Amino acid sequence: MNPANINSLFFNVNGSGLGHLNRCLSYARRLKGSAGLTFFSLASAVEIIESMGFDADYFVSHYWTDNSSYAWNCELALRFGMMLERVQPDVIVFDGTWPFQGFLTACKAYQGKPKLVWSKRGLIKEGVEKTPVSESFFDLIIEPGEVGDEYYETLLAGRTDHFASQFIPSRVTKKIHVPPVCILNDDQIFTREKARAALGLSLTGKYILCSLGPGNLKDVSSIGSELIELLTGGGYEVVWARAPISVKDAPLLDGVIPIAVYPLVQYMRAFDGFIGAAGYNTCCEVVQAGIPSLLVPNTQLADDQSSRAQALSAYAPVLVSSCETSSERALAVDDLLELVASAQSNNLPSYSPVAMNGADLAAKAILELAKGAQ
Amino acid sequence: MISRQAFIEMQKSFVATGKAPVGGLLSRYEILPRYATLDLGRDIPLRTHLYRIGRKLLNLLGITKSVNKNAEWRASLKHAPVLSDAKTILIWGMREGVINLDIAIPANSGNEPHLDSRTKSKLDISRQACLSLKARFASSDDVNGAFNPSKLIPVLITDQADFAFYSRLGWLVEYLPSLPGSGESYFDRKLAYLAWRYQNMPVIDLSAELVFNRDLEVFSVDALL
């Protein structure tokens, strides 16, 4: 249904996890019923998009392809151009660290002149190469905030008209910083009983969920194996979440239960505890689910996962450990199981409620921009 | 729904005529070298047109090399190593063609609760067919029992969204969705584009009976090379 006849096109890159796709889906879900919604996905997860009721096409990511950056961008421009001419969007939302040359070329060449939005997660580590793409190229910048962040707006004076490539001092780019962007609202997360039933888990069993990422960039199998042994030694069954975009599944020890569900947060309350990397969406979901969690920051990426994870302890029962050595892993698991025991005896501190409605605010801004484009 | 044979006819047409896909796609979305970026207005700027004419002249005279229009597109993936002279092969994995495959369906592993059993059964047929074909390709590489990087770069052309499986398959996937909108069907347009992009590549069915020549090059029974 598209009563206002507004078309939105989402472009999500393929990162180390599903974070970029997750944010685009978060915006799109809030826009359902208000706009036509289509995805151009570099993440190998199209069935996830379609299962949520959106149309999608797929193009192989630059991380996966063997092509040079130039050849890949040339092909991207053509493929995305075809999509633009079909969907005829009023607004395009790009979620990624670096808007690609192929993406920008296609946007410039397309005759429809849609509004451009850049969803740009922050908390980038110092020393990481900054993207040469100017924010002033976009009509709206959305900064998905970290847990505890509040909404604020700024205006960037002087905009580049991307279709004329002219810098116009009087025009502005609106920049909004929103609270965390989550794919589900709190009331959409399954209760413990419902989640266990959906996953086929015993209502009385003791389970820890492990979601250390796809393993495409960081090898998680060795860390995972040791953690699994420690957890099973502690009397817990381990459930291992398999990411859709993994190119190779980590071999699992006997007795480990693999699951492949999305969104994972919907099922998190099934578990007594959780172990995961400290990516943006995982951290948001840990706070939403409220279960005792051990976060293992991935230091190979551009975002500062260590800082993000450390900041969470004010909002949820969270521990942080790099788990790089056997002794660190043993200590981390001991601490996690102590936290689990505290939760089970209702002995956890109370945490202040925190705004998690970033997706709603961002979707509202996107819709206002799209309406203004018509 | 288009057949594999019809797709092959499209490929042959592009080879025979040398034409690009219709609609001016290649011209509109061409990436220019940075030093030649001369955007002046909303449409393709006049200077850009003049630059392109000049560049074409220089290409014809052999002074410069053509870019983009004939830019090589490699279908190989970083996580699926192939030999430098590996050949691209297209695999026709459209839903209609897969339904009639005579393949035993493995038991439901039960760890995809979001899929109903009917959907899972259909996907299992495709998955098994892909894995059988992959094993067949691998056996062609298994010279003297040692693993070799593949001689083949498979590209799956499909309208079935099963990307969690495809991620692990190690094949490039060219997906053909039907998108709502006006004008020419997106499915048809993209299909024609793929026929042009991969115009010289053989296309086999998922169920193709494969034979190998003495050099361990693979062909399907109804060979297309």
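Residues numbered from 1 in each chain as written. Chains lettered and ligands numbered in written order. Predicted model: local features only at pLDDT ≥ 70, side-chain atom pairs only at ≥ 80, totals over all residues. Heavy atoms only, no water.

(A) Quick peek at the overall build of chain A. Scanning chain A for helices and strands turns up 10 helices and 14 strands. A sequence separation of at least 24 residues applies to 68% of the contacts in chain A between residues at least 6 apart. As displayed, chain A has an accessible area near 14000 Å², and 50% of this comes from carbon and sulfur atoms. (Helix = DSSP H or I, 4+ residues; strand = E, 2+ residues; numbered from the N terminus. Contact = heavy atoms within 4.5 Å. Areas by Shrake-Rupley, 256 points an atom, 1.4 Å probe, with all protein chains shown as cover.)

(B) Structural view of the sheet that holds strand 14 (residues 318-320) of chain A. Residue and element names in this part refer to chain A. An order of 11-10-9-12-13-14 is seen for the 6 strands of this open sheet, with the pairing classed as parallel. Edge strands, defined here as strands with exactly one partner in the open sheet, are strand 11 (257-259) and strand 14. Taking each pair of neighbouring strands and ignoring which way they run, the sheet shows an average axis angle of 20 degrees. With 4 bridges joining them, strand 9 (residues 207-211) and strand 12 (residues 273-276) adopt parallel strand pairing. Counted as the bridge partner of Ile208 is Gly273 from strand 12. (Pairing = 2+ DSSP bridges. Axes fitted to C-alpha atoms, helices over the stretch in contact; angles between N-to-C directions.)

(C) Structural view of the packing of aromatic side chains. Applying the stated criterion across every chain, the model contains 25 aromatic pairs over all chains. Note on Phe11(A) and Phe103(A): the rings are 5.1 Å apart at their centroids and 70 degrees apart in plane angle, and the pair reads as edge-to-face. Placement of the pair is Phe11(A) in strand 1 (residues 7-12) and Phe103(A) in helix 4 (residues 101-109), with a sequence separation of 92 residues. Here Phe11(A) matches Phe103(A) in class, with each residue buried. Both rings, one in Phe80(A) and one in Phe103(A), keep their centres 5.4 Å apart while their planes meet at 35 degrees; by these two values the pair is tilted. Of the two residues, Phe80(A) is situated in helix 3 (residues 69-87) and Phe103(A) in helix 4; the sequence distance between them amounts to 23 residues. Assigned by exposure class, Phe80(A) and Phe103(A) land together as buried. Following the ring pairs from residue to residue traces out a cluster consisting of Phe11(A), Phe40(A), Phe59(A), Trp72(A), Phe80(A), Phe94(A), Phe100(A), Phe103(A) and Trp73(B). The cationic tip of Lys32(A) hangs over the ring face of Phe54(A); the distance from NZ or CZ to the ring centre is 5.3 Å. (Phe/Tyr/Trp six-rings, centres within 6.5 Å; stacked < 30°, edge-to-face > 60°. Buried < 20%, exposed > 50% of the residue type's maximum accessible area, 1.4 Å probe, protein only. Lys NZ or Arg CZ within 6 Å of the ring centre and 35° of its normal.)

(D) A look at the interface of chain B and chain A. Across the boundary between the two partners, chain B contributes 52 residues, which contact 60 residues of chain A. Summed over both partners, the interface of chain B with chain A buries about 4800 Å², with 51% contributed by carbon and sulfur atoms. Sorting the residues of chain B by area buried against chain A places Tyr29(B), Ile31(B) and Arg168(B) first, and these three jointly supply 17% of that buried surface. At the junction of chain B and chain A, the tally comes to 6 salt bridges. We note a salt bridge from Arg168(B) to Asp249(A), for which the minimum N-O separation is 2.8 Å. Counting every contact that joins chain B to chain A gives 26 residue pairs in polar contact (both at pLDDT 80 or more). Secondary structure elements with two or more residues in the side of chain B that touches chain A: helix 2 (25-28), helix 6 (163-169), strand 3 (172-175) and helix 7 (186-197) of chain B. The class makeup of the residues in the side of chain B that touches chain A is 23 nonpolar, 12 polar and 17 charged. (Buried area = accessible area lost by both parts, 1.4 Å probe. Salt bridge = Lys/Arg side-chain N within 4 Å of Asp/Glu carboxyl O. Polar contact = N/O pair within 3.5 Å; in protein donor to acceptor, adjacent residues only side chain to side chain. Nonpolar A, V, L, I, M, F, W, Y, C, P; charged D, E, K, R; others polar.)

(E) Local environment of a nonpolar patch on the surface. Among the surface-exposed residues, Leu57(B), Leu58(B), Leu60(B), Leu61(B) and Ile63(B) lie close enough to one another that they form a single nonpolar patch of about 550 Å² accessible area. Examined against the element boundaries, Leu57(B) turns out to sit in helix 3 (residues 46-60). (Patch = residues over 30% accessible without salt bridge, like charges linked within 9 Å, V, L, I, M, F, W, Y side chains within 5 Å.)

(F) Region of interest: the sheet that holds strand 1 (residues 82-92) of chain B. Residues and elements named next belong to chain B. Overall, parallel pairing links the 4 strands, which are arranged 3-2-1-4 in an open sheet. A strand with exactly one partner marks an edge of an open sheet, and here the two such strands are strand 3 and strand 4 (203-205). Shown here is a sheet whose adjacent strand axes are inclined to one another by a mean of 35 degrees, direction ignored. Looking at chain direction, strand 1 and strand 2 (residues 150-158) are connected through 7 bridges and run parallel.

(G) Region of interest: the pairing of strand 6 (residues 140-144) of chain A. Residue and element names in this part refer to chain A. Strand 6 sits mainly inside the fold: 5 of its 5 residues count as buried. Sheet topology note: the strand 5 (residues 115-119)/strand 6 ladder contains 3 bridges and is parallel. Across the sheet, residue Val117 finds its bridge partner in strand 6, namely Leu140.

(H) Looking closely at unusual backbone geometry. Residue and element names in this part refer to chain A. With an omega of -5 degrees, the peptide bond between Tyr262 and Pro263 qualifies as cis. Take Pro263: it is sitting in the loop between strand 11 and strand 12. Despite not being glycine, Gln88 has its phi angle at roughly 50 degrees, a positive value. Within the secondary structure layout, Gln88 lies in the loop between helix 3 and strand 4 (91-95).

(I) Focus on the packing of helix 1 (residues 4-17) of chain B against helix 7 of chain B. All names here are of chain B. Taken N-terminus to C-terminus, the directions of helix 1 and helix 7 make an angle of 55 degrees; their axes are 8 Å apart at the nearest point. Between helix 1 and helix 7, the angle is such that the two are oblique. For the pair helix 1 and helix 7, the crossing hand works out as right-handed. On helix 7, the residues that touch Phe7, Met10, Gln11 and Phe14 of helix 1 are Leu191, Ala192, Leu194, Ala195 and Trp196. Residue classes in the contact of helix 1 with helix 7 are distributed as 8 nonpolar, 1 polar and no charged. (Parallel < 35°, antiparallel > 145°, perpendicular 65-115°, else oblique. Left-handed = near helix turned anticlockwise from the far one by under 90°.)

(J) Geometry of the state of the cysteines. All names here are of chain A. Under the criterion given, the structure shown has 0 disulfides over all chains. Cys107 supplies the cysteine sulfur nearest to Cys24, a cysteine that is in no disulfide, at a spacing of 13 Å. Its relative accessible area of 0% is what places Cys24 among the buried residues. (Disulfide = S-S within 2.5 Å.)

(K) Molecular detail of the pattern of salt bridges. Residues and elements named next belong to chain A. Across all of its chains, the model carries 24 salt bridges over all chains by this definition. In this structure, the salt-bridge partner of Glu135 is Lys120, at a minimum N-O distance of 2.6 Å. Of this pair, Glu135 sits in the loop between strand 5 and strand 6 while Lys120 sits in the loop between strand 5 and strand 6, and the two are 15 residues apart along the sequence. What makes Glu135 buried here is its relative accessible area of 15%.

(L) Quick look at the side chain of Ser44(A). Checked against the element boundaries, Ser44(A) lands in the loop between strand 2 (36-41) and helix 2 (46-51). Assessed through its relative accessible area of 2%, Ser44(A) is described here as buried. A polar side-chain atom of Ser44(A) sits 3.3 Å from the main-chain carbonyl oxygen of Phe163(B). Polar contacts involving the side chain of Ser44(A) include one to the side chain of Ser167(B), which spans 2.9 Å. Here Ser44(A) is in contact with Asn14(A), Tyr58(A), Trp64(A), Pro244(A), Ile245(A), Phe163(B), Ala164(B) and Ser167(B), once residues within four sequence places are set aside.

(M) Representation of the confidence of the model for chain B within the structure. All names here are of chain B. Within chain B, residue pLDDT values average 75, and 64% of them lie at 70 or more. The secondary-structure element of chain B with the lowest mean pLDDT is strand 6 (residues 218-220), recorded at 50, while strand 3 shows the highest, at 98. Overall, residues 103-110 carries pLDDT values under 50, and its contacts beyond four positions in sequence, including any with other chains, amount to 11 contacts. A low-confidence stretch, residues 142-147 (pLDDT under 50), is modelled with 3 contacts involving residues beyond four sequence positions or located in other chains. The ipTM assigned to the predicted complex is 0.89, against a pTM of 0.87. (pLDDT = per-residue confidence, 0-100.)

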